[in-house]
Structures are given as C-alpha cells and as structure tokens.
Amino acid sequence: MDFDFTEEQIMMKDMARKFAETEMWPVVGEYDDKHIWPEDIYKKLNETGLDCIGVPAEYGGAGIDFLGQALVTEELARGDLGLATGVVASTLLATDPIHIAANEDQKQRWFTKMLEGGKLAAFCLTEPGAGSDVGGMSTTCKKTDGGYILNGVKCFITNGGVANQYTVFATLDKKLGVKGICCFMVDRESEGVSVGKTENKLGIRLSNTSEVVFDNVFVPEANRLGAEGTGWMTCMKTLDYSRPMIAALAVGCAQGAFDHAVEYSKMRVQFGKPISSFQAVQFMLADACMEIEAGRLLYQKACYLKMSGQPFSQSSSIAKGYCGDMAMKVTTDMVQVFGGYGYTKDYPVEKYMRDAKILQIYEGTSQVQRMVVAANLLKGLR
Ligand SMILES: Cc1cc2nc3c(=O)[nH]c(=O)nc-3n(C[C@H](O)[C@H](O)[C@H](O)COP(=O)(O)OP(=O)(O)OC[C@H]3O[C@@H](n4cnc5c(N)ncnc54)[C@H](O)[C@@H]3O)c2cc1C
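Only a predicted model underlies this, so the values are computations on that prediction, with no experimental measurement involved. (Residues numbered from 1 in each chain as written. Predicted model: local features only at pLDDT ≥ 70, side-chain atom pairs only at ≥ 80, totals over all residues.)

## As for helix α8 (residues 231-267)
Then step 1. If you check α8, its first and last C-alpha atoms are 54 Å apart, about what 37 residues at 1.5 Å a residue would give, namely 54 Å.
Then step 2. At Ser 242, α8 is bent by approximately 30°, the largest bend along its length, and proline Pro 244 sits one to four residues beyond.
Then step 3. Buried residues dominate α8, accounting for 28 of its 37 residues. (Helix = DSSP H or I, 4+ residues; strand = E, 2+ residues; numbered from the N terminus. Expected span 1.5 Å × (residues − 1). Bend = angle between axes of the 7 residues up to and from the residue. Buried ≥ 20, exposed ≤ 12 C-beta atoms within 10 Å, placed from the backbone.)

## Examining the nonpolar core
Then step 1. Judged by nonpolar contacts, the single largest core of 115 residues is most densely connected at Leu 249, Ala 250, Cys 253 and Cys 323.
Then step 2. Per element, the largest residue contribution to this core is 16 residues, and it comes from α8.
Then step 3. Not counting chain neighbours up to four residues away, the residues in contact with Ala 250 comprise Gly 295, Cys 323, Gly 324, Met 326, Ala 327 and Leu 359. (Core = buried A, V, L, I, M, F, W, Y, C linked by C-beta atoms within 7 Å. Contact = placed C-beta atoms within 7 Å.)

## So, the domain arrangement of the protein chain
Note: interface size is frequently given as the accessible area lost on complex formation between the parts.
Then step 1. For the protein chain, the assigned domains read domain 1 (7-118), domain 2 (121-228) and domain 3 (232-378).
Then step 2. Here domain 1 and domain 3 have C-alpha centroids that lie 20 Å from each other.
Then step 3. Listed by partner, the interface residues are 24 residues for domain 1 and 22 residues for domain 3.
Then step 4. Residue assignment for the side of domain 1 that touches domain 3 shows that the elements contributing at least two residues are α2 (28-34), α4 (66-79), α5 (81-93) and α6 (96-101).
Then step 5. Tallying contributions element by element places α4 first for the side of domain 1 that touches domain 3, with 10 residues.
Then step 6. Here the side of domain 1 that touches domain 3 is composed, by residue class, of 13 nonpolar, 5 polar and 6 charged. (Domains from an automatic or database assignment. Nonpolar A, V, L, I, M, F, W, Y, C, P; charged D, E, K, R; others polar.)

## Topic: unusual backbone geometry
Then step 1. Of note, the phi angle at Asn 159 is positive, near 70°, even though the residue is not glycine.
Then step 2. Take Asn 159: there are 27 C-beta atoms within 10 Å of it, and that puts it in the buried class.
Then step 3. Not every positive phi belongs to a glycine, and Ile 204 is a case in point at roughly 30°.
Then step 4. Summarising the element assignment, Ile 204 is placed in the loop between β6 (193-198) and β7 (209-220).

## Quick word on helix α1 (residues 7-24)
Then step 1. Counted at 1.5 Å a residue, the expected span for α1 with its 18 residues is 26 Å, and the 24 Å between its end C-alpha atoms agrees.
Then step 2. Along α1, the residues classified as buried are Met 12, Lys 13, Ala 16, Phe 19, Ala 20 and Met 24. Along the axis of α1, the buried residues cluster in a sector spanning 125°; they form a single face. Exposed and oriented more than 90 degrees from the buried face of α1 are Glu 7 and Thr 22.
Then step 3. Close packing links the buried residues of α1 with α2, α3 (39-48), α4 and α5. (Arc of directions from axis to C-beta.)

Structure, rendered in structure tokens:
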C-alpha cells in the first residue's frame, strides 16, 4: 500500500483548496441566501481548469486520474457543497456515460462541447415516479427515421436549469424492463426541451436543481451512447464511478465544518477557559477527526481499486453510504461545538449541516447503499 500522492495530485488538490478558501468562502453565504447558481465563481473555476477534471487530456480537459479527481472534489466541497455538487454532476456524473459507452466521434463531439467556455452538463435519470426505483422510469424513446422521439419529465436534476447538454436515460418500452433502457446525449437547444420547476431547497442552495421536460424531442441516432438497451448497464457503471466522488464530497463537507469548529473552540471562552480545554468538547472533535479520516480512506480505497482494474462496486457503495451518514453526524456535532452561535447564520457551520443532508439522499439514498452492500456481501462479492 502507498499512501503518498503524486506531485500532480498534490498540485491539483492544493489549487482546489486555495480556490475554495479565497474565491468561495468569502461569498458562498450570500449565494446561499439568494439561492442561485454562482455563475461568476464558476467562471473563475473554469479559468483554473478545475471545472473539467472529468475530461481526459487528449480532449483538452484537465486529464487527472481518478484519485486526483476525488481529491479536488473533496477540497471544493470543503469550500461549498452546492457548488462542488454542480461541478461533480457536470464533469463527472454527466460525463461518465461518455467514458463508458461513447464511440470516438461521440467523445470528440461531447467532450469538446463541454469545454466550450465553461458550459455545464446534467445527468437526467430521476423521475417523479422513479427515484430509488430508477429502473421503473417512464420517459420514452420511440424509434423514428434516423433517431428517436423523447417524451417525459426528469426531476431533481442538478444543473437542470443551467446546463448546456443533458445525459438522458429513457425506455424503448417499459415492458422490456431495464433491457429497454437507452442512454442519449441531448443538446439543450433541441426543440421540445424545456426547464420546469426549480426546487427551493434546505441545503446546497448554490446548486441548481430543476425539472427537465422532454416534449417530442427528436434525438439523432448518433446521440445514443452504446447499443440499444444498454442504458441500464451504462447507468449502473456510472453510479459505481460517481459514488466515490460523492463520498469525497461528504468528506470535504465534514472537514469544512470541522476546521471551523476547531478554530472556534480555541477562541470561545467559558468558565474562564477556551472551550477546547473541556474534555467533552475535545471528544466531539476527536470523534469527528477519526470519522472524517475513516471516510477519506474509504473513498481513496474505492479509487485505488478502480485505478488498479479491480472490482470496486462494493467499495463505492460502502464509501458513499458511510461518508453520507458520517458527514451528517459530524456537521451536526460541529454545530454543537459552536453552541447557540452555531445555530445562527453568523457562522458558516449551520450551512454545512443543512448541506450535508443531501449526501444521504442523492446518488442512491443511505438505505439504497445498504441494499447494494447487503446484496453484494450475500453473493460473496467484496
Ligand atoms: C438536491 C438534489 C439533487 C439531485 N440531483 C440529481 C441529478 O443530478 N440527477 C438525477 O437523476 N437525480 C438527482 N437527484 C435525485 C435523487 O437521486 C433521488 O432523490 C434519490 O435517488 C431518492 O429518490 P426519491 O427522492 O424519489 O426518494 P424515494 O425513492 O421515494 O425514497 C423515499 C424513502 O424511501 C426509502 N426507500 C425507497 N425504496 C426503498 C427500498 N426498496 N428499501 C428501503 N428503503 C427504500 C429511501 O431510502 C428514502 O428514505 C437529486 C435529488 C436532490 C434532492
């Protein structure tokens, strides 16, 4: 085992940390209040190339390895989970199906399009009637001359209202079950594509979460990724790829709350002493420190397994399930360290706690991760 990072990984991680502290921390509270996607911060992120960590170097992207992507993801989430979620949804989640199933022409076209002036992508899977049970989707792709006609509504889509391109899953015929599912790349400008309701959320308020409506949208055959009916496999592989990144988001969110709490505990005086001198406070910080480190090692193990060509689906779900729950617990405890001040908007820690809740919900809820882990372990898979 090797716990050292490469020079490139360290450089990208440091760049992301600096960006988070200088460009994100001073303004994220304001954006959280306004509940809008921070176009100007994203533009600055685009100038660093960190918005395109999922695009390989040969197509003009950052070209960093999987672990490097996760390290950057963690640092951006330490800055703000909403913005980091938008970045991950675009450059990783919506882009992974291109890595997994696209032919060379499609890679050239869609990776290039992604890099045009810092445009965003969105991953359109969830529907009002198909959340945890995504295989039961109702969005249809009906075959027609030269392509397909898409009809349906996708909901809770990160970047749904601000993306330039959509990665969309639809079924040829619901009766075929998951064997009928296909994956398409759809241009935002296509006729019949519109943005529906934008959600008013508890947390990650910097990210845009919207419905995307497909009303008789013609999609050329050349936009289908992989063969007909392989969309489900592409989707499952995508979630395997993205879950370590969600775990990294969770570690970053917990680390941000923790760092603020450590500083505060040294400064806040009660009973004539800094509260950091009380064992009860020290133990909350020590527990958080151990839990964050355990989560970090879990996502890095999943990255290692993937990069070394070993099965990593189980590790991905373990990391996502553990880190989502860990971030919720740690951020709640860090509010406790701040006492009453932690419950106000005078300090950033309440935002970390509100933001953390999503980590137990999206990309498969904490319950769904346990279902995956249990199914795998009962099959004897590691
Ligand atoms: C802010 C935000 C961003 C999102 N971004 C995206 C995105 O970019 N793209 C996208 O496609 N989707 C996205 N989603 C959707 C997200 O992945 C779903 O909300 C999630 O998968 C859960 O689906 P659901 O909300 O329909 O809950 P449901 O499936 O209705 O679940 C409700 C509850 O029941 C439990 N449950 C359901 N089935 C079972 C079962 N079989 N056994 C035990 N418990 C079960 C769940 O764990 C949960 O506690 C996003 C959601 C949010 C809120």
